[in-house]
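If you want the building blocks of each chain, they are given just below.
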Amino acid sequence: KPLPPPPVQPAVTPVAAAVPTEAGTTPSLSQQLVQMPNTIATVDREIHMLFALTAPRIVLFGNLLSAEECEQMIEMSRGKLGRSSVVNNETGAYDIHPHRTSYGTYFDRGENELIRRIEQRIADLVQYPLENGEPIQILHYEPGGEYKPHYDYFDPRQPGNEQVLTQGGQRIATLVMYLNDVEAGGSTVFPEVGVDVLPRRGNAVYFAYCSETGALDARSLHGGSPVGAGEKWIATK
């Protein structure tokens with residue numbers, strides 16, 4: 001993932017498709033939150049809405065993953081972890097960088113029954129097509145491990161992002177799923193808006209940073225704070 005580029009035009013994207021009002025117009029984000037149920041039924045699991053921020057759009061979900069699903073993803077990942085890399089904004093190369101000290105791997109889309117089930121659940125939850133999602137990535141942070149604040153989108157003004165954008169298009173949102181309870185530290189921080197999400201197994205934080213018109217939201221700057229004690233496992237999509 002790229003290191004922070006210069007700020008660009010703010011925008012927000014809803015977590016789910018907007019519900020038309022009686023007059024046929026699209027409601028504001030605050031109206032959408034009023035209309036959205038506190039519990040969302042997906043294909044196989046009820047997900048809880050724990051908090052929601054409208055600008056930028058950040059939503060914390062509870063009960064997205066079961067304890068067994070979290071453990072299964074961790075165990076299936078242990079033997080194939082490698083040092084995480086970042087996209088070089090200037091060259092497009094994938095570099096090892098001291099700003100990101102995790103180890104990671106990924107599952108191919110639809111790789112097994114567990115991954116297919118979770119991918120379908122996520123597609124139901126955020127109302128984006130299954131085929132538009134990147135593969136689920138697993139990340140492991142040891143004590144002291146962190147990812148300094150960065151953006152998940154690819155700034156088109158940076159020459160190194162041209163090839164990435166050609167391959168898969170622009171990212172529009174991220175879902176970070178917490179696979180274990182961290183003893184200390186390891187939160188997901190959003191320094192531009194003062195939000196700090198503590199990792200709790202089975203929960204997930206969603207944040208959007210690209211509108212339907214392609215406007216990018218610099219307020220989505222985020223990072224993973226250092227793990228103070230224990231270890232941290234997350235899955236991202």
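Residues numbered from 1 in each chain as written. Predicted model: local features only at pLDDT ≥ 70, side-chain atom pairs only at ≥ 80, totals over all residues. Heavy atoms only, no water.

Engineer: For this particular structure, what's the right way to read the overall build of the protein chain?
Structural biologist: Scanning the protein chain from N- to C-terminus turns up 4 helices and 17 strands. The 237 residues of the protein chain split such that 48% are buried. Here the contacts in the protein chain between residues at least 6 apart in sequence split such that 71% fall between residues at least 24 apart. Per element, the accessible surface of the protein chain, about 11,000 Å² overall, is 52% carbon and sulfur. (Helix = DSSP H or I, 4+ residues; strand = E, 2+ residues; numbered from the N terminus. Buried < 20%, exposed > 50% of the residue type's maximum accessible area, 1.4 Å probe, protein only. Contact = heavy atoms within 4.5 Å. Areas by Shrake-Rupley, 256 points an atom, 1.4 Å probe, with all protein chains shown as cover.)

Engineer: Explain the pattern of salt bridges to me, please; I cannot follow it from the model alone.
Structural biologist: When the charged atoms of two side chains lie near each other, side chains of opposite charge can form a pair. Under the criterion given, the structure shown has 12 salt bridges. Put simply, Glu-71 and Arg-201 hold a salt bridge, and the shortest N to O gap is 3.6 Å. Taken together, the residues span a long stretch of sequence, with Glu-71 in helix 2 (residues 67-77) and Arg-201 in the loop between strand 13 (195-197) and strand 14 (204-208) at a distance of 130 residues. In this structure Arg-201 comes out as partly exposed when scored by relative accessible area, which is 38%. Here Glu-119 and Lys-237 are joined by a salt bridge, their closest N and O atoms 3.7 Å apart. Separated by 118 residues along the polypeptide, Glu-119 in helix 3 (residues 113-126) and Lys-237 in the segment after strand 17 (232-236) bring together distant segments of the chain. Each of the two residues, Glu-119 as well as Lys-237, counts as buried. Put simply, Asp-44, Glu-69, Glu-113, Arg-117 and Arg-121 are held in one network by salt bridges that share partners. (Salt bridge = Lys/Arg side-chain N within 4 Å of Asp/Glu carboxyl O.)

Engineer: Whenever I open this one, the sheet that holds strand 2 (residues 46-53) confuses me. Can you help?
Structural biologist: Judged by pairing direction, the sheet is antiparallel, and its 9 strands sit side by side in the order 1-2-3-14-10-17-8-7-4 without closing on themselves. Of all the strands in the sheet, the pair left with one neighbour each is strand 1 (39-41) and strand 4 (82-83). Summarising the sheet, strand 1 and strand 2 pair through 3 bridges and their orientation is antiparallel. Note that in strand 2 the partner of Ile-40 across the bridge is Ile-47. Each of strand 7 (103-106), strand 8 (137-141), strand 10 (173-178) and strand 17 touches helix 2; the most contacted strand, strand 17, lies at about 95 degrees to it. (Pairing = 2+ DSSP bridges. Axes fitted to C-alpha atoms, helices over the stretch in contact; angles between N-to-C directions.)

Engineer: Before we go on, may I ask you to explain unusual backbone geometry in this structure?
Structural biologist: Backbone geometry follows two general trends: most residues other than glycine have a negative phi, and most peptide bonds adopt the trans configuration. A cis amide bond links Ala-55 with the next residue in sequence, Pro-56, at an omega value of 0 degrees. Although it is not a glycine, Asn-63 sits at a positive phi angle of roughly 65 degrees. The exposure class of Asn-63 is partly exposed, given its relative accessible area of 28%. Positive phi, normally seen in glycine, also occurs at Gln-127, with a value near 60 degrees. Mapped onto the elements, Gln-127 comes out in the loop between helix 3 and strand 8. When its relative accessible area of 45% is taken as the criterion, Gln-127 is described as partly exposed.

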